[in-house]
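Fold and geometry: a report
What follows is each chain in one-letter form.
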Amino acid sequence: MRLGREEVIPVSDPPHAPGDTAPAVDEIRLEQLITEAQTALPFELPALADRCASALGLGTAHIYLADLQQRLLIPLDEALEPLPADHSSGGWAYRTVSPRVVDAGDSLIIWMPLIDGAERLGVLAVNAASLDGPLMRRSRMLAHLFAMLITSKRAYSDWLAARTRTAAMGLPAEMLRAFLPPRTIGSRSCVSTAVLEPAYDVAGDAFDHSVVKNVLHTMILDGMGHDLIAGLTTSVAMAAARNARRGGGDLTDVVGSVDRALAQWLPDHFCTGVLCRLDAETGVLRWVNCGHPPPLLIRDERVLAGALDSHPQPPIGLAGNLAPTTRQVHETKLEPGDCVLLYTDGVVEARDADGTEFGLDRFTDFIIRSNAAGQRPAEVLRLLIHAILDHQRTQLRDDATILLFEWRPQYQ
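In the annotation of an unreviewed UniProt entry, the protein chain is listed under the name Serine/threonine-protein phosphatase and assigned to Streptomyces musisoli.

Next up, the structure:
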């Protein structure tokens, strides 16, 4: 069954027409290839994808990964050219997390999103002479397989990291990014996604998120300064927070652990931050704000002014008499569909050539309009951070970090 140029595949697989017969799967060869994939080096993945596609009765296959700023889709095959994320069929599949089929004349190209849980990695381009239900399912299966392979190998592969960069990275950014989690994580009930700029020169900002059973932990930090020590400050803060979380500590234990770690190891440096804990079963949100801009609560396509404001508390890591004796934990109950937005001041203070700030109103209006248009959270933040960079002509005067999480319980 042939599909027209640029036609989008529906959610359900194409029907298996009576005259269509998908090629048989070479199961023995496919098993050998999957076994080989366990020890394959990352630079061998393009050739391996081709061979797996052939064993599934498909044509050639090409892997594209999103670059650090999500503007380009970079091919792992170094002989191919990158694709623009905003103006290509592959980019459409990446942005919408949906397959797309393009008529290439004598064949079809099936663009499959590569997804690791909730995180968008890139796309897989599969060639096929025709398309029916079985071939569509095999293309999807191939995409799932290589998403898992890429995820398992990128943790130790400098080649994969270098391949998705488009500029030289500063040392503070290199150190800090080694501590960052994936951009997007989540479960069936909640999702958290974040972006951070300047991608190659960040120093003091950081984010963290983690799902532990039914609890989503999120954190955003803004370290004092814009140098290696600022990055070291937030890196120590993230390590201390994770150490306390993994030891079973509650929210006050986590903040206290960060306070003590910075006071002990970097006594002249501190950071502001917000730490949150969302129970994804009940919607109960608890948070601590340590000298940081208050989180924003978005409900029914509007910001609930002051909903998550709280009495100001000192930054994290103050030593001696300046150190707080206790931290106040705040609590509220979210409603299904609520979004919570954490950000650093570099987001709203970004200025254009005339000195006009991007501003909080423009920031929140962008989020609301994008959500109302049906954009996924990760795509909302991708577009937003690009708008902020464009506003300041890509020359941010301060780090800009945004973290957005939403609660969508399963019964919705």
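Another point: unusual backbone geometry. The phi torsion of most residues other than glycine is negative, and most of the peptide bonds are trans. The peptide bond linking Glu197 to Pro198 adopts the cis configuration, its omega dihedral lying at 0 degrees. Position of Pro198 among the secondary structure elements: in the loop between β8 (190-197) and β9 (205-212). If you check the backbone angles, Val97 has positive phi at about 55 degrees while not being a glycine. Considering the arrangement of structural elements, one finds Val97 in the loop between α3 (89-96) and β4 (100-103). Despite not being glycine, Glu301 shows a phi value in the positive range, around 65 degrees. Mapped onto the fold, Glu301 is located in the loop between β13 (296-299) and β14 (302-303).

Before going further, it helps to examine the pairing of strand β1 (residues 61-66). In terms of burial, β1 is a largely internal element, five of the six residues being buried. Of the strand pairs in this sheet, β1 and strand β6 (residues 119-128) are connected by five bridges, and their pairing is antiparallel. Pairing of His62 across the sheet is with Ala125, part of β6. Pairing of β1 with strand β2 (residues 72-75) involves three bridges; the strand directions are antiparallel. Counted as the bridge partner of Tyr64 is Pro75 from β2.

Ordered in space as β3-β2-β1-β6-β5-β4, the six strands form an open sheet in which the pairing is antiparallel. Each edge of the sheet is formed by a strand with only one pairing partner; in this case those strands are β3 (83-84) and β4. Docked against the sheet, helix α4 (residues 133-154) engages β1, β5 (108-116) and β6, running at close to 40 degrees with respect to β5.

What follows is about the packing of helix α10 (residues 360-372) against helix α11 (residues 377-391). In contact at an axis separation of 10 Å, α10 and α11 are set at 145 degrees when each is read in the N-to-C sense. The handedness of the crossing between α10 and α11 is right-handed. Packed against α10, whose contacting residues are Arg362, Phe363, Phe366, Ile367, Ser370 and Asn371, the element α11 presents Val380, Leu381, Leu383, Leu384, Ala387 and His391 at the interface. In the contact of α10 with α11, the residues fall into eight nonpolar, three polar and one charged.

The end-to-end C-alpha distance of α11 is 21 Å, a good match for the 21 Å that 15 residues give at a rise of 1.5 Å each. For α11, a buried count of twelve out of 15 residues is recorded, marking the element as mostly surrounded by other parts of the structure. By the burial criterion, the buried members of α11 are Pro377, Ala378, Glu379, Val380, Leu381, Arg382, Leu384, Ile385, His386, Ile388, Leu389 and His391. Arg393 occupies a position one or two residues after α11 and carries a positive phi of about 55 degrees.

Moving on, we come to the packing of aromatic side chains. Enumeration over the complete set of coordinates arrives at two aromatic pairs. Pairing Tyr64 with Trp111 gives two aromatic rings, centres 5.7 Å apart and planes at 55 degrees, and the pair type is tilted. Of the two residues, Tyr64 sits in strand β1 while Trp111 sits in strand β5, which places them 47 residues apart along the sequence. Note on accessibility: Tyr64 and Trp111 belong to one class, buried.

Inspection of the entire model under this criterion finds 17 salt bridges. Between Asp365 and Arg369 there is a salt bridge, and its shortest N-O distance comes to 2.8 Å. Taken together, the positions of Asp365 and Arg369, both in helix α10 and four residues apart, correspond to about one turn of that helix. Residue classification places Asp365 among the partly exposed residues on the basis of a relative accessible area of 36%. Salt bridges sharing common partners tie together Asp86, Arg120, Glu379 and Arg382.

Attention now goes to the environment of Asp103. Note on placement: Asp103 falls in strand β4. In this structure the C-alpha to C-alpha distance between Asp103 and Ser210, which are 107 residues apart in sequence, comes to 41 Å. Side-chain polar atoms of Asp103 contact the backbone nitrogen of Gly105, separated by 2.9 Å.

Moving on, we come to the pairing of strand β10 (residues 215-223). For β10, a buried count of nine out of nine residues is recorded, marking the element as mostly surrounded by other parts of the structure. Of the two faces of β10, the one lined by Val215, His217, Met219, Leu221 and Gly223 and the one lined by Leu216, Thr218, Ile220 and Asp222 are each fully buried. Bridging between β9 and β10 involves eight bridges; their strand directions are antiparallel. Residue pairing in the sheet places Phe207 in a bridge with Ile220 of β10. Here β9 hands over to β10 after two residues, with Lys213 in that stretch at a positive phi of 55 degrees. Here β10 pairs with strand β11 (residues 271-279) via nine bridges, running antiparallel. For Thr218, the partnering residue across the bridge sits in β11 and is Cys276.

Taken as a class, soluble globular proteins show a tendency for nonpolar side chains to be buried jointly. Leu278, Leu285, Ile316, Val340 and Phe405 are the most contacted members of the largest nonpolar core, which has 49 residues in total. No other element matches the six residues that helix α8 (residues 251-265) contributes to this core. Those residues in contact with Leu285 that sit more than four places away from it in its chain are Cys276, Arg277, Leu278, Leu308, His330, Glu331, Thr332, Leu334, Val340 and Phe405. Counting residues in each nonpolar core, the second largest holds 36 residues, with Ala49, Cys52, Leu58 and Met136 among its members.

About the criteria used
Residues numbered from 1 in each chain as written. Predicted model: local features only at pLDDT ≥ 70, side-chain atom pairs only at ≥ 80, totals over all residues. Heavy atoms only, no water. Helix = DSSP H or I, 4+ residues; strand = E, 2+ residues; numbered from the N terminus. Buried < 20%, exposed > 50% of the residue type's maximum accessible area, 1.4 Å probe, protein only. Pairing = 2+ DSSP bridges. Contact = heavy atoms within 4.5 Å. Axes fitted to C-alpha atoms, helices over the stretch in contact; angles between N-to-C directions. Left-handed = near helix turned anticlockwise from the far one by under 90°. Nonpolar A, V, L, I, M, F, W, Y, C, P; charged D, E, K, R; others polar. Expected span 1.5 Å × (residues − 1). Phe/Tyr/Trp six-rings, centres within 6.5 Å; stacked < 30°, edge-to-face > 60°. Salt bridge = Lys/Arg side-chain N within 4 Å of Asp/Glu carboxyl O. Polar contact = N/O pair within 3.5 Å; in protein donor to acceptor, adjacent residues only side chain to side chain. Core = buried A, V, L, I, M, F, W, Y, C linked by side-chain atoms within 4.5 Å.

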